[in-house]
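A structural walkthrough
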Amino acid sequence: MHIPEGLLPPLHAAAWTAAAAPFVVHGVRSLTREVRANPEAKLLIGAAGAFCFVLSALKIPSATGTSSHPVGVGLGSVLFRPPVMAVLGTVTLLFQALLLAHGGLSTLGANAFSLAVVGPWVAYGAFRLVRALTARLPEGTSLSLAVFTAAFSASLGTYTVTSLQLALAHPDPEGGVLGAFAKYATVFSVTQVPIAVIEGLVTVVAVRLLTSVNRGDLVRLGVLRPAPAPVPETAPREAADREAGTADTAAAGGDDKEKNA
Amino acid sequence: MTPIDTAAYRSRWRRYHPAVKGVLCGGLLACALMLPPWPAAALVAAATLGSAVAAGVPLGLMARAAAGPLVLIATSAAALLVSVGGAEPVGWAPGGPARAAEVAARASAALGTQLLFVLTTPVADLLARLSRTRLPAALVEVVALTYQMLMVLLGTAHRVASGQAARHGYRSRRAGLRSAGALGGVLFLRSLDRARRLQEGLACRGYTGRLTVLVDERPVPPVEWAAAAAPPLLVAALTLTSTALR
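Numbering of residues begins from 1 in every chain and follows the order in which that chain's sequence is written. Both sets of labels track the order of writing: A upward for chains, 1 upward for ligands. This being a predicted model, a pLDDT of at least 70 is required before a residue's local features are given, and a value of 80 or more before pairs of side-chain atoms are given or counted; all residues contribute to the totals for chains, interfaces and linings.

Digging into the overall build of chain A
Short version of the rule: Runs of E in the DSSP output that reach at least two residues are strands. Runs of H or I that reach at least four are helices, and both are numbered from the N terminus. Partly exposed residues are those whose C-beta has more than 12 but fewer than 20 other C-beta atoms within 10 Å; with 20 or more the residue is buried, with 12 or fewer it is exposed, and the C-beta atoms are placed from the backbone. Residue pairs qualify as contacts under a 7 Å threshold applied to their C-beta atoms, which are placed from the backbone.
In terms of regular secondary structure, chain A is built from ten helices and two strands. With 261 residues in all, chain A has 59% of them scored as buried. If you take every contact in chain A between residues at least 6 apart in sequence, the share linking residues at least 24 apart comes to 67%.

Some remarks on the overall build of chain B
Stated formally: Radius of gyration means the value over C-alpha atoms here, while the globule rule gives 2.2 Å times the residue count to the 0.38 power.
Looking only at helices and strands, chain B has nine helices and two strands in total. Secondary structure elements of chain B, listed N to C terminal, follow the sequence α-α-α-α-β-β-α-α-α-α-α. A globule of 246 residues ought to have a C-alpha radius of gyration of about 18 Å, yet chain B, at 23 Å, is considerably larger. With the principal axes as the frame, chain B shows a C-alpha extent of 70 × 55 × 35 Å. Relative to its 246 residues, chain B shows a buried fraction of 42%. Relative to all contacts within chain B whose residues are 6 or more apart in sequence, the contacts with residues 24 or more apart total 74%.

Observations concerning the UniProt feature "transmembrane region" (unreviewed entry) in chain A
All names here are of chain A. As a reminder of what qualifies: UniProt positions are given in the numbering used here, feature names are shortened, and annotations may be inferred rather than shown by experiment.
Summarizing the sequence annotation, UniProt attributes the feature "transmembrane region" (unreviewed entry) to residues 43-60, 80-101, 108-130 and 142-161 in the numbering used throughout. Each end of residues 108-130 is marked by a C-alpha atom, and these two atoms are 31 Å apart; helix forms 100% of the span and strand 0%. Here residues 142-161 is 100% helix and 0% strand, with 28 Å between the C-alpha atoms at its ends.

Description of helix α4 (residues 59-78) of chain B
What counts here: What we call the bend at a residue is the angle made by axes fitted to the seven residues finishing there and the seven residues starting there.
Along α4 of chain B, the sharpest change in direction is near 40° and occurs at Ala67 of chain B; proline Pro69 of chain B comes one to four residues later. As for α4 of chain B, its buried residues are in contact with α6 (139-169) of chain A together with α1 (3-10), α3 (37-55) and α5 (96-118) of chain B.

Some points on the domain arrangement of chain B
How we decide: Where each domain begins and ends is defined by an automated method or by a domain database.
Domain parsing of chain B yields domain 1 (3-123 + 219-245) and domain 2 (132-204). Taking only C-alpha atoms, the centre of domain 1 of chain B and the centre of domain 2 of chain B are 33 Å apart.

Some points on the nonpolar core
Generally speaking, a soluble globular protein has its nonpolar side chains buried in company with each other. Selection rule: We call a set of buried Ala, Val, Leu, Ile, Met, Phe, Trp, Tyr and Cys residues a nonpolar core when their C-beta atoms link them within 7 Å.
Core analysis: the biggest nonpolar cluster contains 157 residues, and Phe51, Val54, Ala123 and Val147 of chain A together with Ala32 and Val44 of chain B have the highest contact counts within it. Of the residues forming this core, the biggest block, 16 residues, is contributed by helix α7 (residues 176-213) of chain A. When residues of this core are assigned to domains, at least three map to each of domain 1 (3-123 + 219-245) and domain 2 (132-204) of chain B. Every residue in contact with Ala32 of chain B, bar those within four places of it in the chain, is listed here: Gly6 of chain A together with Ala40, Ala41, Val44, Arg106, Ala109, Ala110 and Thr113 of chain B.

A closer look at the environment of Val213 of chain A
Residues and elements named next belong to chain A. One can find Val213 in helix α7. Here Val213 falls in the buried class, since 24 other C-beta atoms lie within 10 Å of it. Put simply, Val213 and His170 are 43 residues apart on the chain and 48 Å apart in space, counted from C-alpha to C-alpha.

Some words on the confidence of the model for chain A
All names here are of chain A. Formally: The predictor's confidence in any single residue is recorded as pLDDT, a number from 0 to 100.
For chain A, the average pLDDT comes to 81, and 82% of its residues sit at 70 or higher. When pLDDT is averaged over each element of chain A, helix α5 (residues 108-133) comes out on top at 94 and helix α10 (residues 256-260) at the bottom at 43. In this model, residues 63-68 is a region of pLDDT below 50 whose contacts with residues beyond four sequence positions or in other chains number twelve contacts.

Thoughts on the UniProt feature "transmembrane region" (unreviewed entry) in chain B
All names here are of chain B. As annotated in UniProt, the feature "transmembrane region" (unreviewed entry) corresponds to residues 19-35, 41-63, 70-87 and 135-155 in the numbering used here. What you have in residues 41-63 is 87% helix and 0% strand, and the ends, taken at the C-alpha atoms, are 17 Å apart. End C-alpha to end C-alpha, residues 135-155 measures 30 Å, and it is 90% helix and 0% strand.

A word on the interface of chain B and chain A
The condition is simple: For this classification, the nonpolar set comprises Ala, Val, Leu, Ile, Met, Phe, Trp, Tyr, Cys and Pro, the charged set comprises Asp, Glu, Lys and Arg, and every other residue, Gly included, is treated as polar.
In this assembly, 77 residues from chain B lie in contact with 74 residues from chain A. Counting residues per element, the side of chain B that touches chain A draws most heavily on helix α8 (residues 173-204) of chain B, which supplies 21 residues. Looking at the side of chain B that touches chain A residue by residue, the class counts come to 48 nonpolar, 20 polar and nine charged.

A few points about the packing of α5 of chain A against α6 of chain A
Residue and element names in this part refer to chain A. We count it as follows: Here the axes come from fitting lines to C-alpha atoms, over the contacting stretch only for helices, and the angles between their N-to-C directions go from 0 to 180 degrees. Any angle from 65 to 115 degrees is called roughly perpendicular, while one under 35 is roughly parallel, one over 145 is roughly antiparallel, and all others are oblique. A crossing counts as left-handed when the near helix is turned anticlockwise from the far one by less than a right angle, and as right-handed when that turn is clockwise.
Contact geometry of α5 with α6 gives a least axis separation of 7 Å together with a crossing angle of 150°. Relative to α6, the element α5 lies roughly antiparallel. For the pair α5 and α6, the crossing hand works out as right-handed. The residue makeup of the contact of α5 with α6, split by class, is 17 nonpolar, nine polar and one charged.

Comments concerning α5 of chain B
The condition is simple: Multiplying 1.5 Å by the helix residue count minus one yields the expected span of that helix.
Along its 23 residues, α5 of chain B runs 33 Å from first to last C-alpha, staying within 8% of the 33 Å computed at 1.5 Å per residue. Most of α5 of chain B is tucked away: 17 of the 23 residues are buried.

A look at the packing of helix α1 (residues 10-37) of chain A against helix α7 (residues 137-166) of chain B
Interhelical geometry of α1 of chain A versus α7 of chain B gives an angle of 85° and a closest axis separation of 9 Å. Overall, the two elements α1 of chain A and α7 of chain B adopt an arrangement that is roughly perpendicular. Across the interface between the two elements, Val28, Leu31, Thr32 and Val35 of chain A from α1 of chain A touch Ala138, Leu139 and Val142 of chain B from α7 of chain B. The residue inventory of the contact of α1 of chain A with α7 of chain B, partitioned by class, reads six nonpolar, one polar and no charged.

Considering the environment of Phe95 of chain A
Following the sequence through the fold, Phe95 of chain A ends up in helix α4 (residues 82-100). A sequence separation of 45 residues divides Phe95 of chain A from Ala50 of chain A, and the C-alpha atoms of the two residues are 9.7 Å apart. Residues in contact with Phe95 of chain A, not counting those within four places in the same chain, are Phe53 of chain A together with Tyr147 and Leu150 of chain B.

This is how it looks when you write it as structure tokens:
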């Protein structure tokens, strides 16, 4: 949920920007270190940024027909970790404001705080917690439960912070900030709770697909535990291409033009 | 390209320096946010609409792009009409309609200025100048790479989703969930694969770690700065005068 341009007073917008800044700066520092040590990581990070933007622009089925811009935060944080997501999320939000007019430019800091800082940390915390709690369960079940909880709680965490931001900006004349928070949280929960459930389910399907066709990358990214049997660090490219093609035609849909390009 | 970026490339104001458009739109945004909403919001809206017509912005697209944010603005403003936690658990807020109108007017006017900027300034024009700022080079490169890859990936997403729809992938809610998840997974594979192939291709061409673009920069004539600053200054002057007269 993106706060549009002009909905927050300038002081609030500046304060939320200041709150998000340390996380983004920390993310940029770790990104710079990573790129310096490993120059080809830049292209992967750029691809990850594009992936986050496109995920956020996807229309997924929801209670009220279709809804755009969920999915990204949960999946992104599980795959790329919160510090990188603080940067990727902020870049995604900037492009959403410039290319889709989703979210404002003066409210970029506030949106970055909820969507690129709180959402990813909540998702990552939930993911790690559930993975630890379900360590005795089979890998597939544990991963699905952890991914669902991560995406669901990221979505709810984001919307809770957005409600708080609006409540602080527009407190209730009688109930104060708490009353305003109750109002905004109630109004937005009508759409956000079903979206959070759907987002959790969609993310589980996406990660299950990735586990079956691209195990090597998920192990490298730390999402999956290395299997006891030796697993190649990165799946051979031809095999990955073939598997991606299979998944694409069997489950996702043909894309021959893309292949020929 | 997204419809907004396409319109920005076609805009009559495309040739002006982004900073000039930034002064106009940023100035109007500041007026909308900081001055009393009546008459500032109305004046900002009028100035924005006038500028949009002058720049040849398609007003239909502007309205469509505004529709989503306007729903959120209306919902947030409507919440100001009711009050909770007072003598009655839920009741009409005293002065609620005036506050709701003020917030809605302010935010709608501000939204208009954002739309005017994005509909007249292609993102590529901004990115080309980003490398001259003092932002870390790694960040600037990642932002530029993200922009270059996201249009291709958007096209991929669109094609995969059309393929899924053609095979009744979205016929039921259950199938829709499965298709959306598969689409997310396939996009991740495609983006990683594209990055690896791009890396190999660039390495073959002697990639040094910089993908800079030459910008044909001309000095901005003072008259353009003045023309960009005039509408916000006029709005501010009119608002402050009318407030003082009241």
